[in-house]
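Descriptive analysis of the structure
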Amino acid sequence: MALINVATREIHCKVVYYGPGMGGKTSNLQYIHTQVPKEAKGDLLSIATETERTLFFDFLPLDLGTVGPKDRKFQVRFHLYTVPGQVLYERTRTAVLNGADGVVFVADSQKHKMEENLKSLRELANNITKNLGKNFREFPIILQYNKRDLKNVATIEELDRYLNPPAMNLGWQRYPAVAYTGEGVLDTLKAISKLVISKL
Amino acid sequence: MDPQLTSQIVPIEEIRQIEECLARLVEDTSGNYVLLLDKSGQVIASQGDANRQDITALGALIAGTFASSREVAKLLREKDFRSMFTQGVRDNIFLALVEDQWILCIIFNKGTHIGLVKVLTKKATDALAQVLERVRETHKAREDVLGSSFRTSMEDTIDLLFRD
């Protein structure tokens, strides 16, 4: 739930990058951290294992500066989090998702990862409904089809068929990406930021 | 609070009351620092050592440990862990829930007895629960606070800041 502090004129929003393990969630945050101007970001905080797999979460605070018309200016801050993708960390994902205002679902485009993508998306739906107590269909979600540079990837249409089926009419925006080179990363961030703001 | 609401708006008067409550807690416990967080990790107010630069990260980590403890509680079939105590060599941290929405965090050193911190924190969380109740009651229509021109101007800022 976004926090609007009228006394300090601040708005805080929480965005969580969710998805299967090794899908590129941390790479998204690392790229954003390299691209955003120094004055607009804090330190990238990672709670990871010795092998650099996310253990609890990564955290990147972004400060968008003072925004709005003269008499209604607010300092806007986005807090970006990732969850650990590995299956055994389901409870940890639930904990990080607490209070989220929007989610970027980072899917792995490789054909053999489709099942993992689907499982993770189902778990997300369950978490939003049961643990956050929100309507999944109305919750701000952006899809990112990552790893588009690899050879064995499903087509965008195939990914849509499984993760964003037209029959479900979810209408999620989706962005192809190569997170470690940065392709599509900022477009995804822009899309989720605007979506979250539109729901404030 | 209605779970479908996307924003929690804390008005000026309520922030003043929160800050007063936190300042009293710092003074009475000789604590170094007191923070009030939303369960999502966002800092609502703080009092004490004014030079702290790491409040944002501190808020995210503390809310993370509390959210994690909630999952542990579920596994143990415990309803909730309402408070947590972390003991360090120099500093200690005591955390307590304000209803299910906010987390009160106090950082204090060896000179202060944990028993005193617990008693005074309980008093503070009761007072803060009343403020939280008022925040819920006086939840204004969002257009009152933000306005539609805010969103347009926000979108322009996002385009400008997040570009390759």
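Structure's up top.
This one's a predicted model, so the numbers in the text were calculated from it and none came from an experiment.

**Let's talk about the overall build of chain A**
Secondary structure summary: chain A contains 5 helices and 8 strands in total. For chain A, the α and β elements follow one another from N to C terminus as β-β-α-β-β-β-α-β-α-β-α-β-α. By the compact-globule yardstick of 16 Å for 200 residues, chain A fits well, its C-alpha radius of gyration being 16 Å. Overall, the C-alpha framework of chain A stretches about 50 × 40 × 30 Å when taken along its three principal axes. Here chain A, with 200 residues, has 59% of them falling under the buried criterion. Here the contacts in chain A between residues at least 6 apart in sequence split such that 67% fall between residues at least 24 apart. Accessible surface computed for chain A: about 8400 Å², of which carbon and sulfur atoms make up 50%. Counting 27 positive and 21 negative side-chain charges, chain A places the averaged centre of each group 4 Å from the other.

**Points about the pairing of strand S1 (residues 7-10) of chain B**
Here S1(B) shows two buried faces, one formed by Ser7(B) and Ile9(B) and the other by Gln8(B) and Val10(B). By the bridge criterion, 4 bridges tie strand S1 (residues 2-5) of chain A to S1(B) in an arrangement that is parallel. Bridge pairing in S1(B) places Leu3(A) opposite Gln8(B).

**A closer look at the interface of chain A and chain B**
Counting residues at the interface gives 54 residues for chain A and 51 residues for chain B. Buried surface at the junction of chain A and chain B, both sides included, amounts to about 4600 Å², of which 64% is carbon and sulfur. When residues of chain A are sorted by the area they lose upon contact with chain B, Met1(A), Leu3(A) and Arg91(A) head the list and together hold 15% of the total. The tally of links between chain A and chain B comes to 2 salt bridges. Among the salt bridges present, the one from Glu71(B) reaches Arg91(A), with a minimum N-O distance of 3.3 Å.

**Re helix H3 (residues 114-137) of chain B**
Residue and element names in this part refer to chain B. Between the first and last C-alpha of H3 there are 34 Å, a value that for 24 residues agrees with the 34 Å anticipated at 1.5 Å per step. Restricting attention to buried positions, one finds in H3 the residues Val 117, Leu 120, Thr 121, Ala 124, Thr 125, Leu 128, Ala 129, Val 131, Leu 132 and Val 135. Tucked into the core, H3 has its buried residues touching S1, helix H1 (12-29), strand S2 (33-38), strand S5 (91-98) and strand S6 (102-109).

Scoring rules and cut-offs
- Residues numbered from 1 in each chain as written.
- Chains lettered and ligands numbered in written order.
- Predicted model: local features only at pLDDT ≥ 70, side-chain atom pairs only at ≥ 80, totals over all residues.
- Heavy atoms only, no water.
- Helix = DSSP H or I, 4+ residues; strand = E, 2+ residues; numbered from the N terminus.
- Rg over C-alpha atoms; globule rule 2.2 N^0.38 Å.
- Buried < 20%, exposed > 50% of the residue type's maximum accessible area, 1.4 Å probe, protein only.
- Contact = heavy atoms within 4.5 Å.
- Areas by Shrake-Rupley, 256 points an atom, 1.4 Å probe, with all protein chains shown as cover.
- Lys, Arg positive; Asp, Glu negative; His and termini not counted.
- Charge placed at Lys NZ, Arg CZ, Asp CG, Glu CD.
- Pairing = 2+ DSSP bridges.
- Buried area = accessible area lost by both parts, 1.4 Å probe.
- Salt bridge = Lys/Arg side-chain N within 4 Å of Asp/Glu carboxyl O.
- Expected span 1.5 Å × (residues − 1).

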